[in-house]
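Chain by chain, the residues run as shown.
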Amino acid sequence: AAGLWTVFTLGGVGSKASAQLEQCSPLASQSLLLLLVLANLTDAPDTPNPYRQAIIFYFFISDNTAFSSSNPHAFQINFNSLYTALCEQQKSDQATLLLYMLLHQNSNVRTYVLARTDIENLV
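With an unreviewed UniProt entry as reference, the chain is termed Dymeclin, source organism Donacobius atricapilla. Here is the UniProt Sequence similarities (unreviewed entry) comment for the chain, exactly as written: "Belongs to the dymeclin family."

What follows is the structure, encoded as structure tokens:
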């Protein structure tokens, strides 16, 4: 989950422009592309795509919230940090595709984004 968090926050370099992101943090950019490819692979007949399941089932947490889930693909993430990173990286095609996938496949993210009062930063 920690590696996935690094990909979601684009390697912690959310304040840099997308051209600078590509030069300064190619690992974050390539990791995000890999995550997008893996999450969009088709499901096997007997097992669902675990990467897509992880994106669909992650939950919001605050820093001191206990987490328990019976779903093996579920993990916790701070939506505020994710939202901030996505807002700062909207010039990047990879970040836009991730946002699109999250809004369409994860109802927790969709609810959080719609509840924000500063949605114009994202748009």
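**Q** Would you take a moment to explain the overall build of the chain for this structure?
**A** The number of helices and strands found in the chain is seven helices and two strands. Looking at the chain residue by residue over its 123 residues, the buried ones come to 37%. Contacts in the chain between residues at least 24 apart in sequence constitute 53% of all its contacts with a sequence separation of at least 6. Summed over all atoms, the accessible surface of the chain reaches about 7200 Å², with 57% contributed by carbon and sulfur.

**Q** What should I look at first to understand the packing of aromatic side chains in this one?
**A** Here the distance between the centres and the angle between the planes together describe a pair of aromatic rings. As enumerated under the stated definition, the model contains two aromatic pairs in all. With a centroid separation of 5.5 Å and an interplanar angle of 65°, the aromatic rings of F79 and Y112 are classed as edge-to-face. Of this pair, F79 sits in helix 5 (residues 79-88) while Y112 is found in helix 7 (residues 107-115), placing the two residues 33 residues apart along the sequence. With relative accessibility at 3%, the residue F79 sits in the buried group. Between Y83 and Y112, the ring centres sit 6.2 Å apart and the planes meet at 75°, which makes this aromatic pair edge-to-face. You can see Y83 sitting in helix 5 and its partner Y112 sitting in helix 7, a full 29 residues away along the chain. Through a chain of ring-to-ring contacts, three or more aromatic side chains come together here, namely F79, Y83 and Y112.

**Q** Quick question: what am I supposed to make of helix 5 here?
**A** Given 3.6 residues per turn, any residue in an α-helix points the same way as the ones three and four places further on. What helix 5 keeps buried is the set F79, L82, Y83, A85, L86 and C87. Looking at where helix 5 begins, the residue whose side-chain oxygen comes 2.9 Å from the main-chain nitrogen of N80 is N78.

Definitions and limits used
- Residues numbered from 1 in each chain as written.
- Predicted model: local features only at pLDDT ≥ 70, side-chain atom pairs only at ≥ 80, totals over all residues.
- Heavy atoms only, no water.
- UniProt positions renumbered as here; feature names shortened; annotations may be inferred.
- Helix = DSSP H or I, 4+ residues; strand = E, 2+ residues; numbered from the N terminus.
- Buried < 20%, exposed > 50% of the residue type's maximum accessible area, 1.4 Å probe, protein only.
- Contact = heavy atoms within 4.5 Å.
- Areas by Shrake-Rupley, 256 points an atom, 1.4 Å probe, with all protein chains shown as cover.
- Phe/Tyr/Trp six-rings, centres within 6.5 Å; stacked < 30°, edge-to-face > 60°.
- Polar contact = N/O pair within 3.5 Å; in protein donor to acceptor, adjacent residues only side chain to side chain.

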